[in-house]
Every structure is written in C-alpha cells, then in structure tokens.
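Residue-level structural notes
Chain by chain, the residues:
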Amino acid sequence: MLSLRPEDHALIEGLIERMSLAQKVGQILQTERLAITPEEVRDHHVGSVLSGGGSCPGDNRPSDWVSMNDAYWAASMTEGPGRLPIPILYGVDAVHGHSNVRGATVFPHNINLGAINDPDLVRRIGRATAREVLSTGVDWTFAPTLAVARDRRWGRTYESCSEDPALVARLAPAFVEGLQGDLDDEGIAACLKHFVGDGGTSEGIEQGDTRVDEAELRRIHLAPYPPALAAGALTVMASFNSWNGDKCHGHRYLLTDLLKGELGFEGLVISDWDGIDYLDDDYSQCVARGLNAGIDLFMVSENWRTFLKTVERQVREGIVHESRLDDAVRRILRVKVALGLFTKPRPARRPLAKQPVLGCPEHRALAREAVRRSLVLLKNDDALLPLARTARVLLAGKSANDLGNQCGGFTVEWQGASGNHLIEGGSTVFDGIRALASACDLDPEGRSADPTKHDVAVVVIGERPYAEGLGDIRSGEDVLIREGSQIRGTLKTLEPYGQEAALEALHPEDLETLTRIKANGVPVITVMLCGRPLATDPELAQSNAFLVAWLPGSEGAGIGEALFGAQPEGEALFPGRLPFAWPKDGGAPQWQGDEQENVRFPRGFPWPR
Ligand code: BGC
C-alpha cells in the first residue's frame, strides 16, 4: 500500500479533473531519450523518459545526466494554455549498480546475490545504487528483477537470484527497501519485473511461453511479489512472456485482477520495451488491449506520435473508457507524488546531484564484499585454497584481466562488452592477485606454465557478456518453431549465444588452457565467470580447485582477496552457496527447480541450506 496523505490524493484528483485529454494521454507515454527532445516533452505533455541499455547523454558523466534531466524536468514543468506542470519521471536499468554510467560501481549481478543470500547486504547494495542514481538526477530504476529462473538456457538467468522461489522472495523486499528508502532525498522508485513468469518459459526462450497451471505460477513465479509489494514497491513491469499462450502484456486477469485487485497494488504498471507491439498485427488493437488489460505507462521506443494519436482516438471512440485512462494517470501521479517530485527542486538542485558518490570508495568496498561472499567453492583438493602470500602465481585464462567479462550484460552497453575499455575504475582479477601475491605472471593462454617457476596457476575462464535473448542457448530453429507456435501474437527472438548448456561446447578454448597448464605440472585453480550454471565435468577434472564467481562486476579485487584468505576479520571465507543446482554432463534435463537429483552439485552446495 502506498502511504499518501489526504492532501496528496486531493492534489492528484485536482490535476486529473483539470487535465485535458491530450495531457492525460501524454502522461501515460514513456519514450527513449534519443527519440524525444525537451521541447517535444513539453508540447506533447510526455510523462516519462528512459535510457534504454547503453543510451547515455553527452560524455556519459554524471554532469551530462544531470543536465539532460534538468532539461526534461524544466520542459515538463512549463505552464501554458492547456498544460499543467507535472514533473517528468526518468527511468534507467540500474540493475547491478548504476551500470549504464561510466565510472559507476558495477555491483555483482543478482545471481551472485542469490549465492550470498543475505537480505542486509542486498539492502545496502540497493541503498548505494540509489545514491549513485540520484547523483545523476535520475528517479527510477527498472529493478529488481524477481524472476525465478527455471531453465539455465535462458539468457537472463543471471538476472535471477535463484531457481528457488523462497530465496528470491527473501531478498526481494530488502532490494525494494534499499532502493526506495523512505522515498526521501536518498530513495528512488523500484520496479519489480517482469510480471509474471519470465523465468519459466519452455526451453528457456526469452519472451517465450510459460506453460504451467495457476497453482504452479503462483507457487513459483508469483512468490517474490507479495513481499516486495508489501515493502512498498512503487512500480511493476509487465513481462514479455506469455502464460499458456496468452501474452502478459494483454492479460487483464494477471495485471488487473491479480496484481491490482487481489494483491492490492496501487502504483503503476509499465510495459516492457515496445511490449504491446507483439499482441496483435494491428497496432491499434495492441494499444487497446494493453490499456484495457491494465498497463498504465507505455514504454514506446520510437513511434510515440502514433501511440499518442491512437490512444486519443480510442478514448474518443470509447474503445478505451476514459475512466481507464484516468486510472492509469492516477497511478502515475501517485508514484510521482510518493517520490516527492512535485516538491523537489530541479534535478541539478537536489542534494545528491553531482555529489561524488558515483564509484566512490565506500560503494566499491561494498561491491568487493559482495564479490568475496558470492564465490562458491565447488572443489578444493588438498586444501589448495586459500593461497599463501608467498605463492608464485601463474595467472591465465581469457578473463584473467577483463573487466567486461566480469561485469556481463547491462554494463555501459546493453550487451556489455569484453575488454577493459568500457569500464572506468574497478579492478580485474589480475589487479587483485598482483596486489597480494609475491609473484604473479600474466599469461592468458598459460603457455609459460612451469612448475619450477609457478607454485600454482589461477585460470579465469567462462562466458562472455550477453543480455536478454542474445544470451539464450538453443539447439536449433525447430525449437523456436515448435514453442513459438503455441503463442498468440508474435514472438521476437534474437540469435542465441550457443547451442548447448555445457562450457566445453560454448568455450572450448577454456578447456584447452586448463589442460595445457595441468599437463605442464602446475596445480590449477579455476575461477569461472558465468551468468548461469553450465555442465563443466571436463573442466572440473582438469582443476585441483574450482571456484564459481558468476558475474562479479567491476571489483575483481574481491576475488584476489578471497583466494589469499585476505577477507576482513570476522568474515567467513567462501560462504557462498549454489543458488542453482549445478548440472553434470548428460545429467538432469536443462530445466531445474525442485528436482535436485542427477545433478553434479545440488542447490545449496557446499552444504544444504
Ligand atoms: C528489458 C527490460 C528493460 C527494458 C528497458 C527491455 O528490453 O526486457 O528488462 O528494463 O528493456 O531498457
């Protein structure tokens, strides 16, 4: 329940009474910053603007962001004939820190947070993220993702804390509390996404079909929502997926009856990126169905003029009742009021604007803590770990010195990118080891491995960055044809990351490096960067110790600290537990969840939770 005062309700109702139809229609539009100028925001009464993944103003410095937000804010607050000042709401994907922005602290992805399973840490990360977002004049993040990923082939598995609904539900309210705080000058709006069933699609197809009965939908995929809503989450994003063939974006039962009715959600429901476009071949049908199903704010990437015209016509023709439009506007205004936007000064004058909190040492130290605590030790023969400071280390593997691979998708670019060019600040695994080891040779292919020179090799391997459908693993086109044919409306898919959920199939170069070093007689500690569990039997066999680091983000030094047991006093070493079962070659099917047999390591390993 949103805690608004009687005078807030009066303000909202007073505005709705006085707003013209054009202004109400403008209020339910969100478009991408590249598609709209401040003048157009003013002239078309636009309610919200976003940065899609990788869409950044100017040189991508906090001051560029603040100036951009200032310009949109001033436009939205310009009074004129038929135009009431209503502050703009600006949204970004700060899904693991304010990760679109150069120099931000890039926190580990949600899969790491699931391995730690500590609500207090999640709350602190939410808080730090909110502060970095506020320093750029932004009010809203499209996070947290509450997906319960049930198929490791899904390209968004790393956005999910766990395959276990109870674990996701435990962390969800803490995330909201951290981001939103008391909605004062240190809080931003959270957005629970993607409602609902995003992690349950057949074959792990992004935007695919979640074929489960209602009891299962509620037990698994809905489970994190009630606690997160009870924590006061202001916004929810509809999901691209379908439920038994029907798209969530047009699903009145899910969005209106269940979410707004049964669960009592009073905030706004936003569509995902052009999410209504896949409901029907006819765009006006798409708009009417989305609005009537219960979408309040529409994320329209480019064709916003057509959207505005269509909604206005449909309301005039009664295809959409004006009371539904009013309800959508009311929900958007509630969020703006709850955030204090009607009383806050322009973004540049807000307390945290341009303050040096982006990538500050305290936030980076917090991220390092999360990195250390999220590592899961799958193997440690002869207690090889932790290493002595006197150890002479050969550091190998393609990701040994690679910030981009550490951070994964949704980092500066939508897809992220390998290499050290995009990310400013932070540290690679190499930096972390170099700071602690008496000797460290960096040789990515490990050709120089020599037992007379090296006591041990640390080999950093794994996946490269990806996001959304480009991270899917799919054996062939036939899968899409078979699964997509169940869906009413269209299915948008992208080229998959690979064909098989086994590391050797996706990245044979990693096994080659491990085998080469092992054959030279140097003991191997493998550190795997990955957005999901993958079958790794051959790689485990070539490793004396094996550590899963998931997608740790910009603070790779945390890995170095854990390898040398250099964690702060009182912090356990390697406390991380598998948030997903770890598969074996030819073992359990790709889907996962309640079944914990026939896997290499069960969920909760090293010991059951
Ligand atoms: C994703 C959302 C994201 C949105 C805005 C979509 O493609 O599915 O998770 O919030 O883009 O960038």
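Residues numbered from 1 in each chain as written. Predicted model: local features only at pLDDT ≥ 70, side-chain atom pairs only at ≥ 80, totals over all residues. Heavy atoms only, no water.

Notes on the packing of aromatic side chains
Quick reminder of the rule: Only Phe, Tyr and Trp rings take part, Trp by its six-membered ring, and two of them pair if their centres are within 6.5 Å. Stacked means planes under 30 degrees apart, edge-to-face means over 60, and tilted covers everything else. Note on conventions: DSSP H or I runs of at least 4 residues are helices, E runs of at least 2 residues are strands, and numbering of each starts at the N terminus. To sort residues, take the accessible area from a 1.4 Å probe on protein chains only and compare it with the maximum for the residue type: under 20% means buried, over 50% means exposed, and anything in between is partly exposed. Lysine NZ or arginine CZ positioned within 6 Å of the ring centre and within 35 degrees of the ring normal marks a charge as sitting over the ring.
Evaluation of the coordinates by the stated rule reveals nine aromatic pairs. The interplanar angle of 25° and the centroid separation of 6.2 Å between the aromatic rings of Tyr 72 and Tyr 90 together place this pair among those described as stacked. A residue pair is termed long-range when its members are at least 10 positions apart, and Tyr 72 in helix 4 (residues 62-76) and Tyr 90 in strand 3 (residues 89-92) qualify at 18 residues. The class for Tyr 72 is buried, based on a relative accessible area of 4%. Given a relative accessible area of 0%, Tyr 90 falls into the buried group. Relative to Phe 307, the ring of Phe 298 lies with its centre 5.0 Å away and its plane at 40°, an arrangement referred to as tilted. For Arg 434, the ring lying beneath its charged end belongs to Phe 430, and the centroid distance is 4.2 Å.

Things to note about helix 6 (residues 119-134)
Counted only if it meets this: Multiplying 1.5 Å by the helix residue count minus one yields the expected span of that helix. Whether two residues touch is decided by their heavy atoms; if any such pair falls within 4.5 Å, the residues are in contact. Identification of polar contacts relies on pairs of N or O atoms within 3.5 Å, with a donor-acceptor requirement for protein atoms, meaning one able to donate a hydrogen and the other able to accept it, and with residues adjacent in sequence counted only if both atoms are side-chain atoms.
Its 16 residues give helix 6 an end-to-end C-alpha distance of 22 Å, which sits within 8% of 22 Å, the value for a rise of 1.5 Å per residue. Those residues of helix 6 not exposed but buried are Pro 119, Leu 121, Val 122, Ile 125, Gly 126, Ala 128, Thr 129, Ala 130, Glu 132, Val 133 and Leu 134. Each element contacted by the buried residues of helix 6 is listed here: helix 5 (110-116), helix 7 (165-180) and helix 14 (361-374). The N-cap residue of helix 6 is Asp 118: its side-chain oxygen and the backbone nitrogen of Asp 120 are 2.9 Å apart.

Things to note about the sheet that holds strand 2 (residues 48-50)
We count it as follows: Strands are treated as partners if at least two bridges between them are detected by DSSP. Between N-to-C directions, angles span 0 to 180 degrees; the directions come from axes that are lines fitted to C-alpha atoms, helices contributing only their stretch in contact.
Spatially, 4-3-2-1-11 is the arrangement adopted by the five strands of the open sheet, whose pairing is parallel. Strands with a single pairing partner mark the edges of an open sheet, and in this sheet they are strand 4 (140-141) and strand 11 (298-300). Sheet strands in contact with helix 12 (residues 304-316) are strand 1 (29-32) and strand 11, and its direction is about 170° off that of strand 1.

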